[in-house]
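Each chain, letter by letter, is given below.
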Amino acid sequence: MDFLNPVINGFSVVLEPMNLLYCLVGVVIGMLIGVLPGLGPAATIAILLPLTYGVEPVTAIIMLAGIFYGAQYGGTITSVLLRLPGEASSVVTVFDGYQMARQGKAGTALGLAAIGSFIGGTAAIIGLTFLAPLVAGFALDFGPPEYSALAMLGILLVATISGGSKAKALIAASVGLLLATVGRDIFTGESRFTFGSIQLADGIDFVPIAMGIFGLGEILYNLEERHRAAKAPSKVSNVWPSKAELKHASGAIGRGSVLGFFLGILPGGGATIASMASYAMEKKRAKQPERFGKGAPEGVAGPETANNAAATSSFIPLLTLGIPANATMALMFGALLIQGVTPGPQLVEQEPELFWGVVNSMYIGNILLLIMSLPLVGIFVRILRVRAAILAPITALITLLGAYTINNSMFDVTLVVVFGVVGYLMKKFGFEPGPLVLAFVLGELLESSLRRSLLVFDGDPTGFFTRPISATLLAVFVLVALMPGIRSAMAKRKGTTAASASAGDGTNNDGANNIKEKV
Amino acid sequence: MKHFPTRRAILGTASAVTLLALTACGGNVGGGAAAGNSSKYPSGPVTLTVGQAAGGSTDLIARALAEGATKTLGSPMPVVNKPGANGALATKEVAGKTADGQELVLLTASLITITPLAVSADEAVNIDDLDIIAGLSQDDYVLVASQQSGFKSFEDVTNAGRNVTFGTTGVGTGSQLAQTVLFKQASVKGTDVPFDSGKPALTAVLGNQVELATIQLGEAMPQIEAGKVSPLLVFSEERNSFLPDVPSAKEAGYDVPVAQYRAVAAPKGTPQEVKDKLLASFQDTFKTDAYKEFNKKNLLTPKELSGEEVVTEWKGYAEKYKELVEKYDISLGGNK
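Residues numbered from 1 in each chain as written. Chains lettered and ligands numbered in written order. Predicted model: local features only at pLDDT ≥ 70, side-chain atom pairs only at ≥ 80, totals over all residues. Heavy atoms only, no water.

### Description of the overall build of chain A
Counting its regular elements, chain A contains 23 helices and two strands. Buried residues in chain A amount to 57% of all 519 residues. If you take every contact in chain A between residues at least 6 apart in sequence, the share linking residues at least 24 apart comes to 79%. Of the roughly 21100 Å² that chain A leaves accessible, carbon and sulfur atoms contribute 67%. (Helix = DSSP H or I, 4+ residues; strand = E, 2+ residues; numbered from the N terminus. Buried < 20%, exposed > 50% of the residue type's maximum accessible area, 1.4 Å probe, protein only. Contact = heavy atoms within 4.5 Å. Areas by Shrake-Rupley, 256 points an atom, 1.4 Å probe, with all protein chains shown as cover.)

Take a look at the structure:
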């Protein structure tokens, strides 16, 4: 039971008043921006990154994590009440949630979503508690070859799994890789793409890129988007679902927890994909699939559970391997780096207070959210009345001020503006910013680990296959790369029988394509 | 509506004029203090810029020094981090500021003595562009070996008769210079694997991804004490008082004196009285128990020299390292 000691110590970290306060602040901000269709958690975290500079690392991450999973709760509210998904991960909730609201069961829908989110989140934290030390047990076996394989797999998954056009995702990822090469070559000291500027000698900092692309880019893009005026929300009553309803949805909540947990761990996965997969699964499993889209409670409970489970479990690859699974986690990575903490296999052992403090804060945060989300629904919906003309300049100002404070550098502010424009143009032309930012983060890791490995292997690339972990990872890489080919071959063989079976998937994919992915 | 732009223009001009007048005034006051009566120094907070990120050993030293000097100088000394290009960014920026003693920089010796061997000339910093106020301390490098390598002393390495892999803390660092020169002198064949800093290099030794690495003593000590890595040599000219049983490279017969030194510098042309006042306040700080305790805790050996001594010594090292790399035909930059 030695292993439980640090877990329990983690609770004492969370229960410090300062940390509790920041946890509360985080989840409230998370819910707020979850309600606002403009800002997503990644943008918010990007904007608030510099503000965390002055506080303790554990406190900062507790707050940022709260924003992330808090947004999963908030996004549901507007999906159900206004048919306006506040978050990409709550898009599928619209299908049945809004119908339930029209039938006068808005309270039930919100109640189910909140309970499901709580269960999904809690289940994922328990999974995280047991899985993380297991992975960390291999900490010292993770050398340059393992990191090269992991980074390659991560970039591939990010580019192929994320929603939207694959070709565009690959282009964005390539640009990210290219940007990662700027700066002094750490093996030879040669300057690359610095154009003689000493400001670029260390390469481009991750934080201004993220703040520009996610923060400023998002703000600019939203100014252009016209949101539907907020209608008066439907009346919310009997928030607590009846026993029969709960029993009906319990299967969906259980399946959503497991599905969400695993999809969250996957690089490139995350809350949005988990919610869609869960919706598709529930629809496939249902005895009367035609009920879906007409107010089926499972259609709300499943995806809402899955998105929160995934939001939580996506911390696993970041905290144990130092590999961010999605864009929001890339920002967490940046936040940790600002704090002088390098996430990786050593984290659990070297910074147990930070690790377990953050993990355990999620229990508290989920309880806070469950308590807050139902009674405060009316207040959160009112936020929608704040005009973009007021919100946008304030957030833009905070972003630019924040960018300056990190390194006291005007150059960083310029970078934020440049990447803000890049982010805006990317969104406008349908490029996902996620793959770019993730490839940028992983690109540095990939290049240095790959070159380091080759030095250790004396230039022999077969060396990667002599080590069990890197060999396994590379095998998975090949599998994933070949997957689309295998799939289409199988589909051809199945012929017409598959056509009817994949109809369900088809509608789901349409849903995915219609979503303007928001990070 | 037609009036509006005109009115705005007038308002704008008026405020611009006011602002100009104000700044001009401020400039006069500031200028007077700097050029004239230096007994008025310091005329406000004295900023100490650090070219490394917050939390690193250089930053910690700056903060410990600033805390003491705030009391002895009677003026706040905020520490500002401007990381970039091994500290060249911050150093060049401070070197270009007004030489009134209000702007200082914490200078690392490697930036002057080793980095120029690895980077292009316009990225390098020249010590003659600065006035050195005081030397601070010496931070030693130690060569450590992984357990699986079986190396318990440097003789084991020279007797191994095979290619060894060694991690460095990056290109153009003391860690790289010390090891490449040492291995040439000892005729050991080695593969140089650069890491981003000391921590990942140490982790690689712990996981036996590289057999050897040279890192700063403060970073290596916890693992040395835990017996997870074996210390083979220190690169200081004498044994390090914190590791009395580990021989120095010189004792083992190798001529490779490498350590990290740090000093405080001001822009070139700072008035002598200002420099004297700063030096006196730093010397008072050196005497405090808190600062002594800080050095001890971070395994730093005090090396509290005058500015002139620092310049002579660092220039000597720069010369020596240049000779060494030329003699052994080592290229810190494009190796392999």
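### What about the overall build of chain B?
The secondary structure content of chain B amounts to eleven helices and ten strands. With 336 residues in all, chain B has 52% of them scored as buried. Of the contacts formed within chain B by residues at least 6 apart in sequence, a portion of 78% connects residues at least 24 apart. Taken as a whole, chain B presents about 14800 Å² of accessible surface, with 55% of it coming from carbon and sulfur.

### Section: the packing of aromatic side chains
In total, this model carries 15 aromatic pairs over all chains according to the counting rule given. One aromatic cluster is present, formed by F154, F166, F183 and Y254 of chain B through successive ring pairs. (Phe/Tyr/Trp six-rings, centres within 6.5 Å; stacked < 30°, edge-to-face > 60°.)

### Digging into helix α8 (residues 166–180) of chain A
Residue and element names in this part refer to chain A. The end-to-end C-alpha distance of α8 is 21 Å, a good match for the 21 Å that 15 residues give at a rise of 1.5 Å each. Taken residue by residue, α8 has A169, A172, A173, G176, L179 and A180 as its buried positions. The buried residues of α8 occupy an angular sector of 115° when the element is viewed end-on, so they sit on one face. Turned more than 90 degrees away from the buried face of α8 sit A167 and L178, all of them exposed. (Expected span 1.5 Å × (residues − 1). Arc of directions from axis to C-beta.)

### Some points on the side chain of T399 of chain A
Residues and elements named next belong to chain A. Positionally, T399 belongs in helix α18 (residues 388–407). Using a relative accessible area of 0% as the deciding quantity, one classes T399 as buried. At a separation of 2.6 Å, a polar atom in the side chain of T399 contacts the main-chain carbonyl oxygen of T395. Sequence-distant contacts of T399, that is, excluding residues within four places in its chain, are made with I47, M211, L216, I219 and V416. (Polar contact = N/O pair within 3.5 Å; in protein donor to acceptor, adjacent residues only side chain to side chain.)

### Regarding the environment of G101 of chain B
Residues and elements named next belong to chain B. With respect to the helices, strands and loops of the structure, G101 is situated in the loop between α3 (88–95) and β3 (103–108). Judged by its relative accessible area of 0%, G101 falls in the buried class. Sequence spacing of G101 and K268 is 167 residues, and the spatial spacing of their C-alpha atoms is 10.0 Å. When neighbours within four sequence positions are excluded, G101 is seen to be in contact with Y41, V46, T270, V274 and L278.

### Examining the interface of chain A and chain B
In this assembly, 24 residues from chain A lie in contact with 32 residues from chain B. Of the roughly 2400 Å² buried where chain A meets chain B, counting both sides, 53% is carbon and sulfur surface. Joining chain A to chain B, the criterion identifies one salt bridge. Linking D196 of chain B and R452 of chain A is a salt bridge whose minimum nitrogen-to-oxygen distance equals 3.5 Å. Looking at which element gives the most residues to the side of chain A that touches chain B, the answer is helix α20 (residues 433–456) of chain A, with three residues. Each residue belonging to the side of chain A that touches chain B can be placed in one class, and the counts come to ten nonpolar, nine polar and five charged. (Buried area = accessible area lost by both parts, 1.4 Å probe. Salt bridge = Lys/Arg side-chain N within 4 Å of Asp/Glu carboxyl O. Nonpolar A, V, L, I, M, F, W, Y, C, P; charged D, E, K, R; others polar.)

### Concerning the pairing of strand β8 (residues 229–234) of chain B
Residue and element names in this part refer to chain B. Within β8, five of the six residues are buried, which leaves it mostly tucked inside the rest of the structure. Where strand β4 (residues 130–146) lies against β8, five bridges are found, and the strand directions are antiparallel. Note on β8: the bridge partner recorded for A145 is S230. (Pairing = 2+ DSSP bridges.)

### Regarding a nonpolar patch on the surface
Residues and elements named next belong to chain A. On the surface, L220, L223, V417, V421, L425 and F429 cluster together into a nonpolar patch covering about 510 Å² of accessible area. Where the nonpolar patch is concerned, the elements lending two or more residues are α9 (206–224) and α19 (410–428). When residues in the nonpolar patch are grouped by element, the largest group, three residues, is from α19. Of note, L425 is situated in helix α19. (Patch = residues over 30% accessible without salt bridge, like charges linked within 9 Å, V, L, I, M, F, W, Y side chains within 5 Å.)

### Quick word on the packing of helix α6 (residues 106–136) of chain A against helix α10 (residues 243–265) of chain A
Two measures define how a pair of helices packs: the angle their axes make with one another and the distance between the axes. Residue and element names in this part refer to chain A. Direction vectors running N to C along α6 and α10 enclose 40°, while the axes themselves pass 9 Å from each other. In terms of axis orientation, α6 runs oblique to α10. Here α6 and α10 pass one another in a crossing that is right-handed. Along its contact with α6, which presents T108, L112, I115, G116, I119, G120, A123, A124, G127, L128 and L131, the element α10 presents E245, L246, A249, I253, S257, F261 and I265. (Axes fitted to C-alpha atoms, helices over the stretch in contact; angles between N-to-C directions. Parallel < 35°, antiparallel > 145°, perpendicular 65-115°, else oblique. Left-handed = near helix turned anticlockwise from the far one by under 90°.)

### Re the pattern of salt bridges
Working definition: two side chains of opposite charge can pair if their charged atoms are close together. If you walk through the whole model with that rule in mind, you get 24 salt bridges over all chains. Ionic pairing is found between R162 of chain B and E211 of chain B, a salt bridge with its closest N-O pair at 2.8 Å. Residue R162 of chain B is found in the loop between α5 (154–160) and β5 (164–168), and its partner E211 of chain B is found in the loop between α7 (198–206) and β7 (212–216); the two are separated by 49 residues along the sequence. The exposure class of R162 of chain B is partly exposed, given its relative accessible area of 37%. Ionic pairing is found between E251 of chain B and R239 of chain B, a salt bridge with its closest N-O pair at 2.8 Å. In this pair, E251 of chain B sits in the loop between β8 and β9 (259–267) while R239 of chain B sits in the loop between β8 and β9, placing the two residues twelve residues apart along the sequence. E251 of chain B gets classed as partly exposed once you look at its relative accessible area, which sits at 46%. Taken together, the shared-partner salt bridges in this structure form one network comprising D185, R192, E447 and R451 of chain A.

### A word on the packing of helix α4 (residues 57–82) of chain A against helix α12 (residues 298–313) of chain A
All names here are of chain A. Packing of α4 against α12 leaves a shortest axis separation of 9 Å and a crossing angle of 165°. The angle between α4 and α12 falls in the class roughly antiparallel. Viewed along their axes, α4 and α12 form a crossing whose handedness is right-handed. On α12, the residues touching F68, Y69, Q72, Y73 and T76 of α4 are E304, N307, N308 and A311. Here the contact of α4 with α12 is built from residues that sort into four nonpolar, four polar and one charged.

All quantities given are derived from atomic positions and should not be read as evidence of function.
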